[in-house]
Amino acid sequence: MKKQITLLLVSASFALVGCASTSGTLLPSGATSLDQSAGIDHLSTAMNALTKEDAFGVRLNSLSLSASADINVPTGTTPTLYSTATGYSVGFGESSLANYKGSIELSGVKGSVMGKGLTATAVNDVKASASLEGSLKASYGSISYDYSGMSVNAYLASGNLYLDLTNAKTVEFINEILSYSAGYSTMINPSDGTMTSLAPAINTLAAGKYLETGVLKADALPLLSEKTQKNISDDMASWSANLKANKDYFKTYSYANGNYAIDLSLTKETLLGLMSAATSAASSEAGGMTSAISSIERMISKFVTINACQEVFVFNDKGPVSSALNVDIAVNTTLGEIYSEATSGVSSAESIPDGYSSAKEAVSFKFAYNMDFLSGDNVAVSEVSDPSAYSVPSKLA
């Protein structure tokens with residue numbers, strides 16, 4: 001039962017990051033409705049067939065992300081929730097209102113990962129290549145970042161990894177991440193508990209072509225070993241059973257060309273129904289979870305707008321074919337409305353301070369991608385053009 005509760009909760013979470021209007025815009029045309037159990041059986045066949053492939057690849061045709069937040073949070077003396085003889089009382093303490101505003105945008109993202117020799121036992125028979133390009137822009141308060149036109153390429157050949165980091169914007173982005181991480185490097189003195197910063201802990205990475213030798217060794221082959229194949233089959237059997245137990249929350253389709261599709265296309269009402277099922281399952285197993293899930297349900301029902309939330313996975317009996325996702329979720333309310341809902345039924349809840357009630361609370365999240373899956377002769381691994389141009393990097397320290 002606990003496993004079923006967990007599945008329901010995970011399904012509800014994925015519904016928010018992979019959920020939508022019933023327009024079905026991502027579903028390929030020509031679909032014929034198919035019993036969900038039959039569709040899941042074909043999915044199991046597809047994933048098990050994949051374990052026998054010597055070559056497999058993923059081509060990311062497009063990916064975009066646009067997210068923003070403009071929220072106000074009481075800060076200073078921590079707001080409290082404490083028990084009283086008559087119930088619970090909420091206090092704001094000596095708090096003040098702080099505004100947090102930021103955004104992030106990914107655009108023009110596309111790439112691929114291709115591999116051959118997955119069943120090979122010789123290192124030289126295993127080859128792979130990967131590429132990724134796109135632009136990232138972000139802002140937080142008065143700070144802004146612009147990493148437009150990034151790209152990176154990687155190759156695996158003869159057990160060695162070749163990494164092309166000649167793109168200036170990509171290197172600039174990596175150095176920003178390294179610098180940020182180094183700023184949080186600290187050491188605690190066990191004698192007095194004081195903390196000493198270790199920054200700067202990492203040198204700047206220079207643009208170039210880098211080589212790492214011996215990353216793939218013979219004792220790790222084949223990559224798709226019998227043990228790996230069995231693990232995939234066992235996991236798929238478990239997921240098939242769980243999916244069939246919750247088949248009311250998705251639809252399956254068949255096509256004349258032998259393809260099948262799973263469509264997770266949820267409205268807010270369907271999402272709340274899924275969470276209600278989780279609440280019912282939790283009530284008998286873990287009573288403490290019931291109120292928490294119910295509270296989240298109320299918040300979603302009142303404040304979350306789901307403009308689109310759909311994921312479609314296409315496959316056939318030979319393996320996966322494609323996957324597409326479209327998510328558009330927003331929250332646009334005030335701190336006063338959130339506080340009123342959060343304290344509903346709470347005894348002696350303190351009145352929200354003047355100026356807090358109308359404070360804006362807005363979040364927007366849009367995410368979409370489209371990818372194809374390739375196998376067999378359709379997999380094209382790119383070769384490293386000039387291996388001698390790559391060198392082992394000096395150690396970052």
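Since the model is a prediction, treat every value here as computed from it, not as a measurement.

Draft legend 1. Main features of the confidence of the model for the chain. Of all residues in the chain, 77% have pLDDT values of 70 or greater, and the mean over the chain is 83. The low-confidence segment residues 1–23 (pLDDT under 50) makes 63 contacts with residues lying over four places distant or belonging to another chain. pLDDT under 50 marks residues 81–89. Its contacts with residues more than four places away, or in other chains, come to 19 contacts.

Draft legend 2. Structural view of the nonpolar core. One finds Leu60, Leu63, Ile300, Phe367 and Tyr369 to be the most contacted residues of the largest nonpolar core, which totals 19 residues. Mapped by element, the contributors of at least two residues to this core are β2 (55–76), α5 (268–285), β14 (304–316), β15 (319–334) and β16 (360–375). For leucine 63, the contacting residues outside a window of four places in its chain are Leu106, Ser107, Gly108, Val109, Phe367, Ala368 and Tyr369. Ranked by size, the runner-up nonpolar core spans 8 residues in total, among them Ile40, Ala46, Phe250 and Ile262.

Draft legend 3. Molecular detail of the packing of aromatic side chains. Taken as a whole and assessed by the stated rule, the structure comprises 9 aromatic pairs. Aromatic pair phenylalanine 365 and phenylalanine 367: ring centres 6.4 Å apart, planes at 40°, arrangement tilted. Among the residues examined, phenylalanine 365 registers a relative accessible area of 29% and is labelled partly exposed. Through a chain of ring-to-ring contacts, three or more aromatic side chains come together here, namely Phe56, Tyr260, Phe313, Phe315 and Phe373.

Draft legend 4. Here's a closer look at empty space enclosed by the protein. In total, this model carries 1 cavity of 30 Å³ or more according to the counting rule given. Considered as a void within the structure, the largest cavity measures approximately 30 Å³ in volume. Lining of the largest cavity is provided by Lys127, Ala128, Tyr155, Leu156, Ala157, Val381, Ser382, Glu383 and Val384. Of all elements in the fold, only β6 (127–140) and β7 (143–157) reach the threshold of two or more residues within the lining of the largest cavity. In terms of residue count, the dominant contributor to the lining of the largest cavity is β7 (3 residues). Among the residues making up the lining of the largest cavity, the classes are represented as 6 nonpolar, 1 polar and 2 charged.

Draft legend 5. Expanded view of helix α2 (residues 36–50). Taking 1.5 Å as the rise per residue, α2 with 15 residues should run 21 Å; its terminal C-alpha atoms sit 21 Å apart, in good agreement. Looking only at α2, the buried set comprises Gln36, Ser37, Gly39, Ile40, Leu43, Ser44, Ala46 and Leu50. Two or three places before serine 37, at the opening of α2, aspartate 35 has a side-chain oxygen 3.1 Å from that residue's backbone nitrogen.

Draft legend 6. Focus on the side chain of serine 323. Structurally, the position occupied by serine 323 is in strand β15. On the accessibility criterion, serine 323 (6% relative accessible area) is buried. The contact partners of serine 323, leaving out residues within four places of it in the chain, are Glu311, Val312, Phe313, Tyr369, Asn370, Met371 and Phe373.

Draft legend 7. Region of interest: helix α4 (residues 226–245). Between its terminal C-alpha atoms α4 stretches 29 Å, which fits the 28 Å expected from 20 residues at 1.5 Å a residue. Those residues of α4 not exposed but buried are Gln229, Met236, Ser240 and Asn242. Seen end-on, α4 carries its buried residues on one side only, within an arc spanning 165°. Of the exposed residues in α4, those oriented more than 90 degrees away from the buried face are Lys227, Lys230 and Ala245.

Draft legend 8. Examining unusual backbone geometry more closely. Here leucine 221 and proline 222 are connected by a cis peptide whose omega angle stands at -5°. Positionally, proline 222 belongs in the loop between β11 (208–212) and α4. Of note in the backbone geometry, serine 158 takes a positive phi value of approximately 55° without being a glycine. Structurally, serine 158 is set in the loop between β7 and β8 (160–165). Relative accessible area serves as the criterion here: at 46%, serine 158 is assigned to the partly exposed category.

Draft legend 9. Quick peek at the pairing of β6. Looking at chain direction, β6 and β7 are connected through 12 bridges and run antiparallel. Across the sheet, the residue bridging to alanine 130 is alanine 154, located in β7. Two successive antiparallel strands, β6 and β7, enclose a turn made up of 2 residues, where glycine 141 displays a positive phi of approximately 60°.

Draft legend 10. Structural view of a nonpolar patch on the surface. A surface patch of nonpolar side chains, about 270 Å² in accessible area, is lined by Val73, Tyr100 and Tyr140. Its location among the elements puts tyrosine 140 in strand β6.

Draft legend 11. Examining the pairing of β14 more closely. As defined by bridge partners, strand β13 (residues 260–265) adjoins β14 across 6 bridges and the pair is classed as antiparallel. Of the residues in β14, the one forming a bridge with isoleucine 262 is phenylalanine 313. Sheet topology places β14 next to β15; 12 bridges connect them, and they run antiparallel. Looking across to β15, one finds that threonine 305 is bridged to alanine 330. Where β14 folds back on β15, the antiparallel hairpin that results is connected by 2 residues.

Quick notes on the rules
- Throughout this document, residue positions are counted from 1 along each chain, in the order its sequence is written.
- The predicted origin of the model limits local features to residues at a pLDDT of at least 70 and limits the giving and counting of side-chain atom pairs to 80 or more, whereas totals for whole chains, interfaces and linings rest on all residues.
- Only hydrogens and water are set aside when side-chain values are computed; all heavy atoms of the structure are taken into account.
- Scored from 0 to 100, pLDDT records how confident the predictor is in each individual residue.
- The contact criterion used throughout is that any non-hydrogen atoms of two residues lie within 4.5 Å.
- Only buried residues count toward a nonpolar core. Its members are Ala, Val, Leu, Ile, Met, Phe, Trp, Tyr and Cys residues joined through side-chain atoms within 4.5 Å.
- Burial classification: accessible surface area is computed with a 1.4 Å probe over protein chains only, and a residue below 20% of its type maximum counts as buried, one above 50% as exposed, and the rest as partly exposed.
- Every helix listed is a DSSP run of H or I at least four residues long, and every strand listed is a run of E at least two residues long, numbered separately from the N terminus.
- Stacked, edge-to-face and tilted are the three classes for Phe, Tyr and Trp ring pairs, Trp counted by its six-membered ring, which pair at centre distances within 6.5 Å; planes under 30 degrees apart are stacked, over 60 edge-to-face, the rest tilted.
- Grid points spaced at 1 Å and placed over the protein atoms alone form the basis of the search, with a cavity being a set where a 1.4 Å probe fits but cannot get out and a pocket an open set showing protein on both sides within 12 Å along at least five of seven lines. Lining residues have an atom within 4 Å of a point.
- Grid points are joined across faces, edges and corners, and a volume is the space filled by probe spheres set on the points.
- Gly is put with the polar residues, along with every residue not named as nonpolar or charged; the nonpolar set is Ala, Val, Leu, Ile, Met, Phe, Trp, Tyr, Cys and Pro, and the charged set is Asp, Glu, Lys and Arg.
- Multiplying one less than the number of residues by 1.5 Å gives the expected span of a helix.
- Here a polar contact is recorded for every N or O atom pair within 3.5 Å, except that within protein the pair must consist of a potential hydrogen donor and a potential acceptor, and residues adjacent in sequence are included only if both atoms are side-chain atoms.
- The directions from the helix axis to the C-beta atoms form the arc being described.
- The rule for pairing is simple: two strands pair if DSSP sees at least two bridges between them.
- Patches in this entry comprise residues that are over 30% relatively accessible and not in a salt bridge; like charges within 9 Å are linked, as are nonpolar side chains (Val, Leu, Ile, Met, Phe, Trp, Tyr) within 5 Å.
- Calculation of accessible area relied on Shrake-Rupley with a 1.4 Å probe; when residues are assessed, cover is drawn exclusively from the protein chains displayed.
- What counts as a salt bridge is simple: a side-chain nitrogen of Lys or Arg found within 4 Å of a carboxyl oxygen of Asp or Glu.

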